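The chain contents come next:
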Amino acid sequence: MTALILGAVVFAVLFAGFSALGVWQVQRLAWKRELIRQVDARIHAAPVAAPPPSQTITRQADQYRRVVVSGRFDHRREALVKAVTDLGPGYWVVTPLTTDQGFTVLINRGFVPPERQKPSDRTAGQIEGPQTVVGLLRLSEPDGGFLRANDPAGDRWFSRDVAAIAKARGLEGPVASYFIDADATPNPGGWPRGGLTVVRFANSHLIYALTWFGLALMSAAGFVFFLREERKRRR
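Parameters at a glance
Residues numbered from 1 in each chain as written. Predicted model: local features only at pLDDT ≥ 70, side-chain atom pairs only at ≥ 80, totals over all residues. Heavy atoms only, no water. 1 Å grid on protein atoms, 1.4 Å probe; cavity = no way out; pocket = protein on both sides within 12 Å on 5 of 7 lines; lining within 4 Å. Points joined across faces, edges and corners; volume = space filled by probe spheres on them. Helix = DSSP H or I, 4+ residues; strand = E, 2+ residues; numbered from the N terminus. Nonpolar A, V, L, I, M, F, W, Y, C, P; charged D, E, K, R; others polar. Patch = residues over 30% accessible without salt bridge, like charges linked within 9 Å, V, L, I, M, F, W, Y side chains within 5 Å. Areas by Shrake-Rupley, 256 points an atom, 1.4 Å probe, with all protein chains shown as cover. Salt bridge = Lys/Arg side-chain N within 4 Å of Asp/Glu carboxyl O. Buried < 20%, exposed > 50% of the residue type's maximum accessible area, 1.4 Å probe, protein only. Contact = heavy atoms within 4.5 Å. Lys, Arg positive; Asp, Glu negative; His and termini not counted.

Colleague: Please provide a residue-by-residue account of the layout of surface pockets, values included.
Modeller: Taking a probe equal in size to a water molecule and rolling it over the atoms shows the remaining empty space. The space that makes up the largest pocket amounts to roughly 330 Å³. At the level of secondary structure, the elements contributing two or more residues to the lining of the largest pocket comprise strand 3 (79-85), strand 4 (88-99) and strand 7 (144-145). Partitioning the lining of the largest pocket into residue classes produces nine nonpolar, four polar and four charged.

Colleague: I'd like a rundown of a nonpolar patch on the surface, residues and numbers included.
Modeller: On the surface, Ile-5, Val-9 and Val-13 cluster together into a nonpolar patch covering about 270 Å² of accessible area. Along the polypeptide, Val-13 turns up in helix 1 (residues 2-43). What makes Val-13 exposed here is its relative accessible area of 55%.

Colleague: Residues and numbers for the environment of Gly-88, please.
Modeller: Here Gly-88 lies in strand 4. On the basis of relative accessible area, Gly-88 is assigned to the buried category, the value being 16%. C-alpha of Gly-88 to C-alpha of Phe-111: the two residues are 23 residues apart in sequence and 9.6 Å apart in space. Once residues within four sequence positions are removed from consideration, Gly-88 is found in contact with Ala-83 and Phe-111.

Colleague: Tell me about the side chain of Asp-161, and please be specific about residues and values.
Modeller: Here Asp-161 is to be found in the loop between strand 8 (148-149) and helix 3 (162-168). Comment: no salt bridge for buried Asp-161; closest opposite-charge side chain is Arg-160, at 11 Å. Excluding its chain neighbours within four sequence positions, the residues that come into contact with Asp-161 are Ser-140, Glu-141, Pro-142, Asp-143 and Asn-150.

Colleague: Explain unusual backbone geometry to me, using residue names and the numbers behind them.
Modeller: With an omega dihedral of 0 degrees, the bond running from Trp-191 to Pro-192 counts as a cis peptide bond. Examined against the element boundaries, Pro-192 turns out to sit in the loop between strand 9 (175-182) and helix 4 (205-234). Phi angles above zero are rare outside glycine, and Tyr-64 is one such case at about 70 degrees. Tracing the backbone through its elements, the reader meets Tyr-64 in the loop between helix 2 (59-62) and strand 2 (66-73). In this model, Asp-155 sits at a positive phi of 55 degrees, which is unusual for a non-glycine residue. Tracing the backbone shows Asp-155 in the loop between strand 8 and helix 3.

Colleague: Which residues make up the pattern of salt bridges, and what values go with them?
Modeller: Going through the model one piece at a time under the given rule, you end up with ten salt bridges. A single network of salt bridges, built from pairs that share partners, joins Arg-138, Glu-141, Arg-160 and Asp-181.

Right, here's the structure in full:
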């Protein structure tokens, strides 16, 4: 009798645990689908004014929000960030923009291949005077890329770390905590090439849910098998 009770407790715990994990993944699936819906709506919405540095920015409310900002580029302080895109390996050109509102925001103007990394190789794209940029608000990417740490002293960048780039470039005054991925509006000379933002969310919650529910059914089947064997043994 003791073995039967112990077996029942073990299988009950397993069934309940696996079922709870399955339900949790179903809830996560609903959350992820809603997040994807919200982001898709932001990407295709009319642009709104880029928020000032004093405004709190959150991933849930602001990531990939379509924004517009006007000002002047400071090309002397641009940074090149390693990138791999549909156009191949190269760099993101990240340039400070002094806005008409008095703060600075980093603009990812777009991609350039290695042979265009020097400003002298894309002089037509180093546009001067008042500019208006429409793009997607992106959160800072601190520390670096995958297995690669940013090296501000060596001016080697593997992620768009707003604070680190702003410090390395000596930007003064209020600086926005985010950066903006410029849209596909062509630059003179064709470079940098904007509009290459990849919006992708991993969504394996349905597979995980089915896996956990499958394990719950297996544990139930295991308990049935255990009961049959226990009955055979008692006979």
